[in-house]
Amino acid sequence: MRELSDRTANFTDSVIRRMTRIANRYGAVNLSQGFPDFDPPREITDRLSEVAKSGPHQYALTWGAKNFREALARKYEHFSGINIDPESEIVVTCGSTEAMMAAMMSITNPKDKVVIFSPFYENYGADTILSGAEPIYVPLVPPEFNFDREVLEEAFRQGAKALILCNPSNPCGKVFTYDELMIIAELAKKYDAYVITDEVYEHIVYEPNRHIYMASLPGMRERTIVCNSLSKTYSITGWRLGYVIANKKITDRVKKVHDFLTVGAAAPLMEAAVTGLLFDDSYYDELKAHYTHMKELFVGGLKSLGLRFTEPQGAYYVLVDVSEFGVKDDVRFCEWMAEYVGVAAVPGSSFFKEDVHNLIRFHYAKKDDTLIEALKRLATLREKALNAVDVDWR
Ligand SMILES: Cc1ncc(COP(=O)(O)O)c(C=O)c1O
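Please read these numbers as outputs of a predicted model, since none were measured by experiment. Position numbers for residues start from 1 in each chain and track the written sequence from start to end. The model is predicted, so local features are restricted to residues of pLDDT at least 70 and side-chain atom pairs to those at 80 or more, both for listing and for counting; the totals for chains, interfaces and linings are taken over all residues. Only hydrogens and water are set aside; all other atoms, that is, all heavy atoms of the structure, feed into the side-chain values.

A. Spotlight on the sheet that holds strand S10 (residues 317-321). Taken in spatial order, the four strands make up an open sheet running S9-S10-S13-S12, and their pairing is antiparallel. Two strands close off the open sheet at either side, each with one partner strand: strand S9 (308-309) and strand S12 (346-347). Strand direction decides the pairing type here: S9 and S10, joined by two bridges, are antiparallel. Bridge pairing in S10 places Arg308 opposite Asp321. Most of the contacts of helix H11 (residues 330-340) go to strand S13 (residues 359-363), to which it runs at about 45 degrees, and overall it touches S12 and S13. Being paired, for any two strands, means DSSP has found at least two bridges between them. For the purposes of this entry, the term helix denotes a DSSP run of H or I that reaches at least four residues, the term strand denotes a run of E that reaches at least two, and both are numbered from the N terminus. Whether two residues are in contact is decided by their heavy atoms: any pair within 4.5 Å suffices. To obtain each axis, a line is fitted to C-alpha atoms, and for helices this fit is confined to the stretch in contact; angles are then taken between N-to-C directions over 0 to 180 degrees.

B. Up close: helix H3 (residues 66-80). Spanning 15 residues, H3 covers 21 Å between terminal C-alpha atoms, matching the ideal 21 Å at 1.5 Å per step. Relative accessible area decides the class of each residue, using a 1.4 Å probe on protein chains only: under 20% of the type maximum gives buried, over 50% gives exposed, and in between gives partly exposed. For H3, every residue scored as buried is listed here: Phe68, Arg69, Ala71, Leu72, Ala73, Lys75, Tyr76 and Ser80. If you follow the buried residues of H3, they end up packed against strand S2 (90-93), strand S7 (224-229), strand S8 (242-245), helix H9 (267-277) and helix H10 (281-304). Where H3 ends, the next residue or the one after it, Gly81, has phi of about 75 degrees, a positive value. An expected span of 1.5 Å times one less than the residue number is assigned to each helix.

C. Expanded view of the packing of H3 against H9. It is at 9 Å that the axes of H3 and H9 come closest, and there the two elements cross at 20 degrees. With respect to H9, the element H3 is oriented roughly parallel. In this structure, H3 crosses over H9, and the sense of that crossing is left-handed. Each of Asn67, Phe68, Ala71, Leu72 and Lys75 in H3 lies in contact with H9, whose residues at this interface are Met270, Glu271, Ala273, Val274 and Leu277. When residues are grouped by polarity, Ala, Val, Leu, Ile, Met, Phe, Trp, Tyr, Cys and Pro land in nonpolar, Asp, Glu, Lys and Arg in charged, and all others, Gly among them, in polar. When the residues that make up the contact of H3 with H9 are grouped by side-chain class, the tally is seven nonpolar, one polar and two charged. Oblique is the label for every angle not falling under 35 degrees (roughly parallel), over 145 degrees (roughly antiparallel), or within 65 to 115 degrees (roughly perpendicular). Here a crossing is taken to be left-handed if its near helix is turned anticlockwise relative to the far helix by less than a right angle, and right-handed if that turn runs clockwise.

D. Looking closely at unusual backbone geometry. In this chain, Gly55 is followed by Pro56 through a cis amide linkage whose omega measures 10 degrees. Within the secondary structure, Pro56 is located in the loop between helix H2 (42-54) and H3. Residues Asn170 and Pro171 are joined by a peptide bond in cis, for which omega reads 20 degrees. By secondary structure assignment, the location of Pro171 is in the loop between strand S5 (162-166) and helix H7 (178-190). The backbone phi angle of Phe145 is positive, close to 60 degrees, even though this residue is not glycine. Tracing the sequence through the fold places Phe145 in the loop between strand S4 (134-139) and helix H6 (149-157).

Function cannot be inferred from these measures alone, as they are strictly geometric.
Here it is, written out as structure tokens:
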């Protein structure tokens, strides 16, 4: 038989999804893959029941149902202050995952360079491979996860055509400040590059941090491609509703890529999700309060266990430093922890380009009971880890 494609030959399994399988095998509390174990808002699921009877059940317009785009445009304008034309500047996709792939395919040619901050959300690596682009990694240095302006400029000097900005960041919980965003914006303009943003955690930001939309900065509207989704904001990760917002010249391309990739997002789910897009500010205030509560419960628990971590500013992940246990292989450590401590995390090395093996990522978008159970089990971590003999992670 002839060889399969070179392009996909070096793909590894998603480490995150693998940790979920391992968690299931050992009955571990799964704090690896980032999805809530609580229900979406009642209003949205009630509307879904109605839509099941009334439809629509056939293909929507390929770039998204009109009422969905109109509601989204209003919501986006409300929070970002940016006016967008729902007819020409939005493409509804199957999750932000497709949005990012369609954006990359629309912006880059094979061998074009794309700047990615490291640590990074693992899909970006695959997105660059699939689109043929070449990543240039710029470190966000732990524990503060700051970047060096000079290192970033050097990446642009190498001819980068685009930069991917995950803000708020998965996995490190960083929320980029105005000054940091201005540095990125100035460099993007100076070197005539695009910025592709991933803003799926825009509403999960902890006080006193603020989410600033890259597209709202001076001169950035026309060179920013926003990738976003409803997955995290409305706790509907399984609905696969995402979108691209950009100027018409860019969305014209994205529409075509999207049409050939997936034809369109699910029509009944778009119809039901309009209910969420029309929520008023109180929904987003409550969402933020809920996540702040989960963060304080879990991260506060980690603190009282004496574990070291960087306080998240946004999103719902925390990177914990496990170097005190002598961890050399974080992948095996996470497997061991799922089996012997009963909590699953993601090995930090899967997010870093650099050789980092002392961090593991937990997510805390979970019910109180789930987080309390995880903390109870983690209370045994130090003793078990320090006393573990013949382990292959040290
Ligand atoms: C930073 C980031 N972007 C994108 C996604 C995927 O979003 P979607 O469900 O919209 O495809 C995730 C999911 O964890 C994420 O953390």
